[in-house]
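# Structural description and commentary
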Amino acid sequence: MRRKNYTNLQKLTVVTAIEQGRMSIKEAQTAYGVKTEKIIRNWLAQYKKEKVEICIITEPVMAKKSKPISAAQAEALQKALEEAELKIKALNTLIDVAEEQLKIDIRKKSGAKQFSK
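Residues numbered from 1 in each chain as written. Predicted model: local features only at pLDDT ≥ 70, side-chain atom pairs only at ≥ 80, totals over all residues. Heavy atoms only, no water.

## A word on the overall build of the protein chain
Counting its regular elements, the protein chain contains four helices and zero strands. Listed N to C, the secondary structure of the protein chain is α-α-α-α in terms of helices and strands. Here the protein chain, with 117 residues, has 14% of them falling under the buried criterion. Sequence separation of at least 24 residues holds for 36% of the intrachain contacts in the protein chain that already meet a minimum separation of 6. Carbon and sulfur atoms provide 59% of the accessible area of the protein chain, an area that totals close to 10700 Å². (Helix = DSSP H or I, 4+ residues; strand = E, 2+ residues; numbered from the N terminus. Buried < 20%, exposed > 50% of the residue type's maximum accessible area, 1.4 Å probe, protein only. Contact = heavy atoms within 4.5 Å. Areas by Shrake-Rupley, 256 points an atom, 1.4 Å probe, with all protein chains shown as cover.)

Pasting the structure below:
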């Protein structure tokens, strides 16, 4: 009897389906033609271990120290923020006028019922 080899992609597909709750181990065994549940359990353990190792090795993004910004950069950011706020105000005014003139609701009202088929 020959032992079946699975690619890393096949293993990852099975593990992901189980971890996302789309399948149970038994369902994955049947769907993917894996001989025993133990094989899948080993894959789950292997990928969980690899995930932990990746988390330990990689440095969190927020932990990196950023250099302070200069006064010119701060001024440019402030100007960009003011322009963005003006643009938002103009767009909101445009929506208000359009709603009034066209007599339609453009903005989604909170708590509105969703259309169902």
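## Digging into the side chain of K11
Along the polypeptide, K11 turns up in helix α1 (residues 8–19). It is E50 that comes nearest to the buried, bridge-free K11 among opposite-charge side chains, at 8.2 Å. Beyond its immediate stretch of four places on either side in the chain, K11 contacts Y6, W43 and Y47. (Lys, Arg positive; Asp, Glu negative; His and termini not counted. Salt bridge = Lys/Arg side-chain N within 4 Å of Asp/Glu carboxyl O.)

## A few points about the pattern of salt bridges
In this structure the tally under the stated criterion is two salt bridges. Between E37 and K26 there is a salt bridge, with the nearest N and O atoms lying 4.0 Å from each other. Of the two residues, E37 is situated in helix α3 (residues 37–57) and K26 in helix α2 (residues 25–32); the sequence distance between them amounts to 11 residues. Here the salt bridges do not stand alone but share partners, grouping K26, E37 and R41 into one network.

## Points about the confidence of the model for the protein chain
With 78% of its residues at a pLDDT of 70 or more, the protein chain has an overall mean of 81. Mean pLDDT across the elements of the protein chain bottoms out in α3 (82) and peaks in α2 (91). (pLDDT = per-residue confidence, 0-100.)

## Topic: unusual backbone geometry
The phi torsion at K103 lies on the positive side, around 55°, for a residue other than glycine. On the basis of relative accessible area, K103 is assigned to the exposed category, the value being 68%.

## A closer look at the nonpolar core
Note that soluble globular proteins tend to have their nonpolar side chains buried in a common cluster. Membership of the largest hydrophobic core is limited to 11 residues, which are Y6, V14, V15, I18, I25, A28, V34, I40, W43, L44 and Y47. Elements that contribute at least two residues to this core include exactly α1, α2 and α3. The biggest single contributor to this core is α3, with four residues. (Core = buried A, V, L, I, M, F, W, Y, C linked by side-chain atoms within 4.5 Å.)

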